[in-house]
Amino acid sequence: MEAAIILVFVMGYLAITLEHSIKIDKLIPALVMMAICWALIALGLESFPQWFDSGKHMLLENFGTFRHEEKMHLMEETLLHHLGKTAEILVFLLGAMTIVEIIDYFDGFATIKGFIRTKKKTKILWIFSVLAFILSAIIDNLTATIVLISILQKIVKDRNIRIWYAGLIIIAANAGGAWSPIGDVTTTMLWIGKKVTTGHLIGYLFVPSLLCMVVPSLIASFLPVFKGELNIVEDKEKTKSRFSGTMLYLGLGAIVFVPIFKMITHLPPYVGMMLSLGVVATFAEIYSSSKFSMTDFDSTESEMHAHHSPVHQSLSKIELPSILFFLGILMAVAALESLGILFGAADWLREATPQLGTELHEGGVSDLVVILLGFGSAVIDNVPLVAASLGMFSEPLDHELWHFIAYSAGTGGSMLIIGSAAGVVAMGMEKIDFFWYIKKISWLALAGFLVGAAAFMVTRTLF
């Protein structure tokens, strides 16, 4: 039965990658794959020798000896646990997307657009790469990608050029998220799991992560697509809202507030995001109503706001197919994790390269294993891979191994567009083709990943 589940996952994965060839939206195979994987688990529950209890983060080797009722109860609990964790991400994503759409409703991104005076493609590339690197460390790589691609859509009208910028934003956002405890879900897992501390994480990973962003951006600067200047057409017909700057700073400030709220209350990030959304939505409604003044009575803007709530209109613009795709892919990976398949693969990697461990560093775990973990995170979601490493290794707090895992899992996902949350969101927002990304962006991400990994191996001796 395990082989059948793996086969369904592989076939679903191929259907997602071949979306443009088979003319079927990627959310369909993702949802079908998720449903069939869990259905096969339910039907073959008696045949599985082990089970990963997600609630306790334990691999139950004696699962085969459990009674059928116990197995069913454990499966239902595990399914509910994964649905809860996935829902946390989806609700967070919905909140962030809605805030971004509310900012756009008031034409807030025109304020940032006004700051970018240059038309040179290379300068715009570096501006977005640096912004992605910094923002992702503050508000996490997922939200930073949403915000920056939304801004990019206002500046670069030619989609064929814009998807190149989006590809580099994915690399920079994942690199920026790796060195911050709140920048990526995997570093957050290691931080909450008391494997790394903030000071050491920044110390170990800032330089490797910076190189992981700089090297691809530098190489891309010499590519023909980034030569010359952009043809930026000014939209003269649309009058800028007088609240655009206020809503931009309020919206971005509300997103930045989320990690602060999490640190103060220790509640999941989606709770803070919902609070931020509530505050931004309140001001949006107030500012929308305030447009009905006697001086503006005849304006089309006033009429538009009179018939459409900014919150309702923003919610109607959210990419729900991307949300459903995210649900399908995360729950499908959760099925593989629950059966301990990912742990088996990780154990096999560790046993396959034991001879390199003591030669490279005293931790006894091969650097090659951790680098392969980075490649694995490009194919399979990095969250279960890091969860597997938490159970596999017993190194103490702030051991270099945990920091290398944070780097590899966080930045390795950039090598495939569906290898990271930032990539999945960008894929949905810009309809980027899987194979286009492999041909055009993956090699840049690989170059940055390897240079950063080499830098980590050199700089770790300083700590």
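Owing to the predicted nature of the structure, the values given are computational and were not obtained by experimental measurement.

Calculation rules
Residues numbered from 1 in each chain as written. Predicted model: local features only at pLDDT ≥ 70, side-chain atom pairs only at ≥ 80, totals over all residues. Heavy atoms only, no water. Salt bridge = Lys/Arg side-chain N within 4 Å of Asp/Glu carboxyl O. Helix = DSSP H or I, 4+ residues; strand = E, 2+ residues; numbered from the N terminus. Buried < 20%, exposed > 50% of the residue type's maximum accessible area, 1.4 Å probe, protein only. Contact = heavy atoms within 4.5 Å. Phe/Tyr/Trp six-rings, centres within 6.5 Å; stacked < 30°, edge-to-face > 60°. Lys NZ or Arg CZ within 6 Å of the ring centre and 35° of its normal.

Visitor: Help me understand the pattern of salt bridges, please; the structure alone is not making it clear to me.
Guide: For side chains of opposite charge, pairing can occur when their charged atoms come near one another. Scanning the entire structure with this criterion turns up seven salt bridges. The partner of Glu46 in a salt bridge is Lys71, and the shortest N-O contact between them spans 3.4 Å. With a gap of 25 residues between them, Glu46 in the loop between helix 3 (27–43) and strand 1 (51–53) and Lys71 in helix 4 (residues 68–105) connect regions that are remote in the sequence. Take Glu46: its relative accessible area is 47%, and that puts it in the partly exposed class. On the basis of relative accessibility, which here comes to 1%, the residue Lys71 falls in the buried class. Asp367 is the partner of Arg460 in a salt bridge, and the nearest nitrogen-oxygen pair spans 2.9 Å.

Visitor: Help me out: how do you make sense of the side chain of Ser180 in this one?
Guide: With respect to the helices and strands, Ser180 occurs in the loop between helix 8 (159–178) and helix 9 (185–192). Residue Ser180 is classed as buried on the basis of its relative accessible area, which comes to 6%. Excluding anything up to four places from it in sequence, Ser180 contacts Ala137, Thr187 and Leu201.

Visitor: Please clarify how the packing of aromatic side chains should be interpreted in this entry.
Guide: Aromatic ring pairs: the centre-centre distance and the angle between the two ring planes describe each pair. This model, assessed by the stated rule, comprises 18 aromatic pairs. Here the aromatic cluster, defined as three or more aromatic residues joined through ring pairs, consists of Trp164, Tyr165, Phe226 and Trp436. Between the NZ or CZ atom of Lys71 and the centre of the ring of Phe63, over which it lies, the distance is 5.2 Å.

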